[in-house]
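Commentary on secondary and tertiary structure
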Amino acid sequence: MRRMLTALSTLALGAALLTPVANAQELLDGGRLGGASSQLIPAGSSLPGGELPETDQAVDLERYAGQWYQVAALPQPYTLQCAHNTTAEYGVIDEEAISVRNSCGTLFGPPSVIEGTASVRSDASLRVNFPGVPFQDEDGPVNYRVTHLEEDYSLAVVGDPNRLSGFVLSRTPGLSPEQWSHVRGVVESRGWNSCLFLTVPMDGGRGDVAPLCTQ
């Protein structure tokens with residue numbers, strides 16, 4: 001089980017503004033809507049091509065742990081406050097769970113940060129949950145799936161099984177033109193529209209927001 005992994009971001013936290021435990025200001029001003037996770041899946045239909053597949057290798061949690069830079073993503077309502085420097089940090093709790101810490105820079109105020117845990121469901125799929133965020137079910141379906149992982153664990157593409165969220169994670173904030181082209185090919189091969197993915201401004205990386213299909 002130690003090899004297994006898969007939010008979201010990072011994976012998703014949408015529609016979380018109506019709740020008796022936290023008002024809208026608390027959700028935005030305490031980092032409860034931190035980026036790079038897949039917590040709540042927005043309403044809508046999945047893209048053609050069936051369920052998002054897992055990567056063809058079992059994920060080693062120890063190697064997957066650490067900091068990742070979210071260099072591109074399918075925009076989500078819960079990341080509207082995220083303007084730059086979006087990261088996800090994972091830590092191994094045991095063979096069946098990891099810790100999750102998502103953060104991003106905002107235009108006003110301190111960085112947005114949220115912490116939670118994820119339970120291993122298979123070789124490359126997780127269920128991510130964040131305390132205090134409404135509409136969650138710890139026993140709910142997988143909402144974070146690693147669909148591509150480089151052999152050296154330098155780059156990963158993740159999303160929910162219905163492709164309603166998607167994130168490109170890198171160990172470094174900057175990618176070469178060749179790497180961007182590779183990422184675009186992976187995203188498209190997994191059934192996403194690469195034009196819907198946007199690059200994320202990052203210190204040490206890109207400074208702009210641009211559709212992935214232009215890379």
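The rules behind these values
- Residues numbered from 1 in each chain as written.
- Predicted model: local features only at pLDDT ≥ 70, side-chain atom pairs only at ≥ 80, totals over all residues.
- Heavy atoms only, no water.
- Disulfide = S-S within 2.5 Å.
- Helix = DSSP H or I, 4+ residues; strand = E, 2+ residues; numbered from the N terminus.
- Buried < 20%, exposed > 50% of the residue type's maximum accessible area, 1.4 Å probe, protein only.
- Pairing = 2+ DSSP bridges.

As recorded in an unreviewed UniProt entry, the protein chain goes by Apolipoprotein D and lipocalin family protein and comes from Corynebacterium pollutisoli.

Two cysteines whose sulfur atoms are joined by a covalent bond form what is called a disulfide. A complete count under the given rule lists two disulfides for this structure. Here Cys82 pairs with Cys104 through a disulfide, and the sulfurs are 2.1 Å apart. In this structure the cystine formed by Cys82 and Cys104 twists about its S-S bond by roughly -65°; its chirality is therefore left-handed. Here the residue Cys82 occupies a position in the loop between strand E1 (66-73) and strand E2 (84-94), and Cys104 occupies one in strand E3 (residues 97-105), the gap between them amounting to 22 residues. As far as the burial class goes, Cys82 and Cys104 line up, both buried. Here Cys195 engages in a disulfide with Cys213; their sulfurs sit 2.2 Å apart. For the disulfide bridge between Cys195 and Cys213, the dihedral angle about the S-S bond is near 110°, and by the sign convention the bridge is right-handed.

Moving on: unusual backbone geometry. With phi around 50°, Asn85 is a residue other than glycine that occupies positive phi space. Relative to the elements of secondary structure, Asn85 occurs in strand E2. The backbone of Arg163 shows a phi angle near 65°, a positive value even though the residue is not glycine. Given a relative accessible area of 4%, Arg163 falls into the buried group.

Counted residue by residue, strand E8 (residues 166-170) has five buried out of five residues, so it is predominantly covered. Because side chains alternate across E8, one face comprises the buried residues Gly166, Val168 and Ser170, and the other comprises Phe167 and Leu169, equally buried. One ladder, built from four bridges, connects E1 with E8; its direction is antiparallel. The residue of E8 that forms the bridge with Ala72 is Val168. Alignment of strand E7 (residues 155-159) against E8, held across five bridges, turns out to be antiparallel. What sits directly across from Leu155, in E8, is Ser170. The antiparallel pairing of E7 with E8 creates a hairpin that spans six residues between the two strands, and Arg163 there sits at a positive phi of about 65°.

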